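Residues per chain, in single letters:
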Amino acid sequence: MGYLLWFGIVVIAFMWMHFFTSLSFRQKWITLLLLTLIIANAILYNIMKDLESKHINEMQLKYTNGETLRCNGVNVNRETFGYSVGTQSFIGNQGTRYPNQIFSAAECR
């Protein structure tokens, strides 16, 4: 739904440029192209952030269920690492091989 709104904004901007400005035809198309690229980049950014968020939630769920994750070549599980919800990171427990070592949930598989 939000993407249709952006498409409508591009159409309205083009119509406004076409009827109410003294820009040349080429300038209008360049402006339209730049506006479209900016909006497309914003949409792609949102899609990438959604995918990253889903991945982090999946890693948190696997960790909570007792599975071992692989983060930068290190096995992360509930015995060796704690999970910080605020930073979405795994923090090495004291008394393990990885005390205070931190891995972002986004970099785990």
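This write-up is about the structure you can find in this document. (Residues numbered from 1 in each chain as written. Predicted model: local features only at pLDDT ≥ 70, side-chain atom pairs only at ≥ 80, totals over all residues. Heavy atoms only, no water.)

Moving on to the state of the cysteines. Scanning all chains against the criterion turns up one disulfide. Covalent S-S linkage joins C71 and C108, the inter-sulfur distance amounting to 1.8 Å. Between C71 and C108, the disulfide has an S-S torsion of 105° and is therefore right-handed. Note that C71 is positioned in strand β1 (residues 69-71) and C108 in the segment after β5 (102-104), a separation of 37 residues in sequence. The pair C71 / C108 is uniform in exposure class, with both members buried. (Disulfide = S-S within 2.5 Å. Helix = DSSP H or I, 4+ residues; strand = E, 2+ residues; numbered from the N terminus. Buried < 20%, exposed > 50% of the residue type's maximum accessible area, 1.4 Å probe, protein only.)

Counted by the stated rule, this structure contains six aromatic pairs. Aromatic pair F25 and W29: ring centres 5.9 Å apart, planes at 65°, arrangement edge-to-face. In this pair, F25 and W29 are both assigned in helix α2 (residues 25-64), four residues apart and thus about one turn of the helix distant. On the basis of relative accessible area, F25 is assigned to the exposed category, the value being 61%. Aromatic side chains Y63 and Y83 sit 6.0 Å apart centroid to centroid with 40° between the ring planes, which places their arrangement in the tilted category. On the criterion of sequence distance, the pair formed by Y63 in helix α2 and Y83 in strand β3 (residues 81-84) is long-range, its members being 20 residues apart. Y83 matches Y63 in its accessibility class, with the two residues each being buried. Put simply, the rings of Y63, Y83 and F90 pair up and form one aromatic cluster. (Phe/Tyr/Trp six-rings, centres within 6.5 Å; stacked < 30°, edge-to-face > 60°.)

Once that is clear, we can look at the side chain of S89. Take S89: it is sitting in strand β4 (residues 89-92). Setting aside its immediate chain neighbours within four residues, S89 contacts G82, Y83, S84, I102, F103, S104 and A105. (Contact = heavy atoms within 4.5 Å.)

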